[in-house]
Amino acid sequence: MIIAVDFDGTIVEHRYPEIGKEIPFAIATLKKLQAERNLLILWTVREGKLLDEAVEYCRSRGLEFYAVNANHPDEQPAGEAATACRKVNADLFIDDCNLGKLPDWGAIYEMVHNRWSYERYLDEVRYNAAQAKPSFWSRLRGK
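Asks: Break down the sheet that holds strand β4 (residues 92-94) for me, with residues and values.
Replies: The parallel open sheet is built from four strands, whose spatial order is β3-β2-β1-β4. The sheet is open, and its two borders are formed by β3 (67-68) and β4, each paired with just one other strand.

Asks: Any details on the pairing of strand β2 (residues 39-42)? Residues and values, ideally.
Replies: Both strand β1 (residues 2-5) and β2 contribute to a ladder of four bridges, which runs parallel. The residue bridging Ala4 from the neighbouring strand is Ile41, located in β2. Once the chain exits β1 it traverses helix α1 (residues 26-35) before rejoining the sheet at β2, and the crossover so formed is right-handed. The sheet contact formed by β2 and β3 spans two bridges and is parallel. Opposite Leu42, over in β3, you have Val68 as the bridge partner. Viewed along the sheet, the connection from β2 through helix α2 (residues 48-59) into β3 turns out right-handed.

Asks: Tell me about the pattern of salt bridges, and please be specific about residues and values.
Replies: With the rule as written, the count across this model stands at eight salt bridges. Notably, a salt bridge pairs Glu13 with Arg15, separated by 3.4 Å at the nearest N-O pair. With a relative accessible area of 28%, Glu13 lands in the partly exposed category. Bridged by salt links that share partners, the residues Glu56, Arg59 and Glu64 form one connected network.

Asks: Any chance you could break down a nonpolar patch on the surface for me, citing the residues and the numbers?
Replies: Taken together, Phe136, Trp137 and Leu140 make up a surface patch of nonpolar side chains, about 400 Å² in accessible area. Positionally, Trp137 belongs in helix α5 (residues 136-141). With relative accessibility at 59%, the residue Trp137 sits in the exposed group.

Asks: Give a detailed account of the environment of Glu110, specifying residues and quantitative values.
Replies: One can find Glu110 in helix α3 (residues 105-114). Owing to a relative accessible area of 31%, Glu110 belongs among the partly exposed residues under this scheme. Sequence-wise, Glu110 and Tyr121 are eleven residues apart; in three dimensions their C-alpha atoms are separated by 7.6 Å. Ignoring sequence-local partners within four residues, the contact set of Glu110 consists of Arg115, Trp116 and Tyr121.

Asks: Let's hear about the nonpolar core: which residues, and what values?
Replies: By size, the foremost hydrophobic cluster in this structure holds 25 residues, and its most contacted members are Phe7, Ile11, Cys58 and Trp105. Of all the secondary-structure elements, those providing two or more residues to this core are β1, α1, β2, α2 and α3. At five residues, α2 tops the list of elements feeding residues into this core. Leave out the neighbours within four places in its chain, and Phe7 touches Val12, Ile19, Leu42, Trp43, Thr44, Arg46, Ala54, Tyr57 and Cys58. Among the nonpolar cores identified, the runner-up in size contains five residues, and Ile41, Ala67, Val88 and Ala90 belong to it.

Asks: Give a description of the packing of aromatic side chains that names residues and reports values.
Replies: Taken as a whole and assessed by the stated rule, the structure comprises three aromatic pairs. Measuring from ring centre to ring centre gives 6.4 Å for Tyr118 and Tyr121, while their planes differ by 20 degrees; the resulting arrangement is stacked. Taken together, the positions of Tyr118 and Tyr121, both in helix α4 (residues 118-131) and three residues apart, correspond to about one turn of that helix. Lying over the aromatic face of Tyr57, Arg61 brings its terminal NZ or CZ to 3.6 Å of the ring centre.

Rules used throughout
Residues numbered from 1 in each chain as written. Predicted model: local features only at pLDDT ≥ 70, side-chain atom pairs only at ≥ 80, totals over all residues. Heavy atoms only, no water. Pairing = 2+ DSSP bridges. Helix = DSSP H or I, 4+ residues; strand = E, 2+ residues; numbered from the N terminus. Right-handed = clockwise from strand over helix to strand, strands pointing away. Salt bridge = Lys/Arg side-chain N within 4 Å of Asp/Glu carboxyl O. Buried < 20%, exposed > 50% of the residue type's maximum accessible area, 1.4 Å probe, protein only. Patch = residues over 30% accessible without salt bridge, like charges linked within 9 Å, V, L, I, M, F, W, Y side chains within 5 Å. Areas by Shrake-Rupley, 256 points an atom, 1.4 Å probe, with all protein chains shown as cover. Contact = heavy atoms within 4.5 Å. Core = buried A, V, L, I, M, F, W, Y, C linked by side-chain atoms within 4.5 Å. Phe/Tyr/Trp six-rings, centres within 6.5 Å; stacked < 30°, edge-to-face > 60°. Lys NZ or Arg CZ within 6 Å of the ring centre and 35° of its normal.

So yeah, pure geometry; function would need other evidence.
Take a look at the structure:
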């Protein structure tokens, strides 16, 4: 799968133009998805020096993207004044500005790995919670 991933608010907390703290498990989850042969595109509003800083932030943590704000690593804007097309072609977009809020990275991994919709993920969580064995203390109290 080709997965486009936002940076600010998705991989790191919102502190733009600064780089915020990493959102727990973001880098580790993305590296795991990449190890499972998914192509990752960094898809962000950052440009120039700010973009370079974001790419280096991820690189220093062992995360290299297939492409950055482009569909292919060799994609270059044509002409001096042109800018790269930000309309990337991806199977999935992970962005904190989607409908609702960004699920935690564990949920994101489960959905991508199992190719589940958010609704299916919630159904699985509810089913597993209903099937869970009561804790030792709950059984001891007779609840």
